[in-house]
Amino acid sequence: MGKGAAELARLQEEIITCRACPRLVEWREQVAREKRRAFRDWTYWGRPVPGFGDPRAELIIIGLAPAAHGANRTGRVFTGDRSGDFLFAGLHRAGFANQPRSEHREDGLALTGAYIVAPCKCAPPDNKPLPEELARCAPFLDREMALLPTRVVLTLGAIAWNATLAWLERAGGSIPTPRPAFGHGAELALPGGPVLLGCYHVSQQNTQTGRLTPAMFDAVMARARVLIENRQGT
């Protein structure tokens with residue numbers, strides 16, 4: 001294990017023990033106790049969910065937060081729910097994942113060249129973290145990003161886009177005025193920094209209504225691959 005991978009592993013262990021947000025702690029643990037009937041035989045994770053993927057990744061994928069009966073159950077981002085089914089199928093098609101499904105922590109899934117993080121590490125009620133909860137989690141995001149050789153950041157939804165802009169500002173980057181707005185396919189390249197790509201979130205609300213289709217996701221992933229390759233020589 002390289003130095004970066006070892007530091008990421010230590011950070012993951014620190015994230016797992018966090019209890020900084022009372023509302024989130026109460027909710028994630030309540031869900032883990034009460035469970036969903038379909039998962040009544042599961043021992044839910046019920047803790048913060050750290051990032052997952054290749055510690056040498058040049059593509060960083062930023063989501064929102066763990067799903068109550070997905071990652072909050074399985075302990076791995078985008079694992080065990082329909083959002084993850086869509087995401088990892090797309091990453092597999094694009095060559096970043098070794099398999100198209102993500103069902104549990106021991107299912108053999110591995111990412112190559114990609115790493116997934118969330119700006120909120122705990123499952124929030126109604127999938128909506130509060131601004132102050134995102135602010136408390138921000139130092140974890142900063143430390144994750146500092147340990148990764150990031151060239152392209154794929155943001156899944158507006159909250160992820162804004163969280164990435166805030167990270168760039170905290171890291172000393174200069175954000176254009178007016179502030180760049182999120183949109184599917186939006187692209188922002190900052191001097192000396194990574195390229196940001198916008199993509200609709202892979203939630204069922206988007207994928208089951210056709211707002212985000214596999215073809216749309218594939219197009220964004222193809223653009224990410226081109227950007228990575230172009231920036232490898234810079």
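Points about the overall build of the chain
Broken down by element type, the chain carries eight helices and six strands. Written out in order from the N terminus, the α and β elements of the chain read α-α-β-β-α-α-β-α-β-α-β-β-α-α. The C-alpha atoms of the chain give a radius of gyration of 17 Å, which matches the 17 Å a tight globule of 234 residues would have. Projecting the C-alpha coordinates of the chain onto the three principal axes gives extents of approximately 50 × 40 × 35 Å. Split into buried and exposed, the 234 residues of the chain put 51% on the buried side. Accessible surface for the chain amounts to roughly 11,100 Å². Of this, 51% is attributable to carbon and sulfur atoms. Distance from the positive charge centre (29 side chains) to the negative charge centre (23 side chains) of the chain: 1 Å.

Some remarks on the pairing of strand β3 (residues 114-117)
Burial along β3 is two-sided: Ala114 and Ile116 facing one way and Tyr115 and Val117 facing the other are all buried. Bridge analysis of strand β1 (residues 52-53) against β3 gives two bridges, and the strand direction is antiparallel. Its bridge partner being in β3, glycine 53 is matched across the sheet by tyrosine 115.

Regarding the sheet that holds strand β6 (residues 195-199)
Adjacent strands of a sheet form backbone hydrogen bonds with each other and so pair up, either parallel or antiparallel. The mixed open sheet is built from six strands, whose spatial order is β1-β3-β2-β4-β6-β5. Here the strands that pair on one side only, and so sit at the sheet edges, are β1 and β5 (187-189). With five bridges connecting them, strand β4 (residues 152-156) and β6 associate as parallel partners. Bridged to valine 152 within β6 is valine 195.

Things to note about helix α8 (residues 214-231)
Two residues of an α-helix separated by three or four positions point the same way, owing to the 3.6 residues in each turn. Spanning 18 residues, α8 covers 26 Å between terminal C-alpha atoms, matching the ideal 26 Å at 1.5 Å per step. Among the residues making up α8, those that are buried are Phe217, Val220, Met221, Ala224, Leu227 and Ile228. Seen from one end, α8 has its buried residues packed into an arc of 120°, which puts them on one side. Within α8, the exposed residues directed more than 90 degrees away from the buried face are Ala215 and Asn230. Turning to α8, the residues buried within the fold contact β2 (59-62), α4 (82-93), β4, β5 and β6.

Re the pairing of β6
Judged by how many residues are buried, β6 sits mostly within the fold: five of five residues are covered. Neither face of β6 is left uncovered, since the one carrying Val195, Leu197 and Cys199 and the one carrying Leu196 and Gly198 both have all their residues buried. With three bridges connecting them, β5 and β6 associate as antiparallel partners. Note on β6: the bridge partner recorded for glutamate 187 is leucine 197. The hairpin turn running from β5 into β6, its antiparallel successor, is five residues long, and glycine 192 in that turn takes a positive phi close to 75°.

Overview of the pattern of salt bridges
Once the charged atoms of two side chains with opposite charge are near each other, the side chains can pair. With the rule as written, the count across this model stands at 14 salt bridges. In this structure, the salt-bridge partner of arginine 56 is aspartate 54, at a minimum N-O distance of 3.4 Å. Assessed through its relative accessible area of 66%, arginine 56 is described here as exposed. Look at aspartate 54 and you get buried, because its relative accessible area is 8%. Among the ionic pairs, aspartate 218 bridges to arginine 93, the shortest N-O distance being 2.8 Å. Residue aspartate 218 is found in helix α8, and its partner arginine 93 is found in helix α4; the two are separated by 125 residues along the sequence.

Notes on unusual backbone geometry
The step from threonine 177 to proline 178 runs through a cis peptide bond, and the omega angle for that step is 0°. Along the polypeptide, proline 178 turns up in the loop between α6 (158-170) and β5. One non-glycine residue, aspartate 126, lies in positive phi territory at about 60°. Along the chain, aspartate 126 turns up in the loop between β3 and α5 (131-146). Given a relative accessible area of 63%, aspartate 126 falls into the exposed group.

Parameters at a glance
- Residues numbered from 1 in each chain as written.
- Predicted model: local features only at pLDDT ≥ 70, side-chain atom pairs only at ≥ 80, totals over all residues.
- Heavy atoms only, no water.
- Helix = DSSP H or I, 4+ residues; strand = E, 2+ residues; numbered from the N terminus.
- Rg over C-alpha atoms; globule rule 2.2 N^0.38 Å.
- Buried < 20%, exposed > 50% of the residue type's maximum accessible area, 1.4 Å probe, protein only.
- Areas by Shrake-Rupley, 256 points an atom, 1.4 Å probe, with all protein chains shown as cover.
- Lys, Arg positive; Asp, Glu negative; His and termini not counted.
- Charge placed at Lys NZ, Arg CZ, Asp CG, Glu CD.
- Pairing = 2+ DSSP bridges.
- Expected span 1.5 Å × (residues − 1).
- Arc of directions from axis to C-beta.
- Contact = heavy atoms within 4.5 Å.
- Salt bridge = Lys/Arg side-chain N within 4 Å of Asp/Glu carboxyl O.

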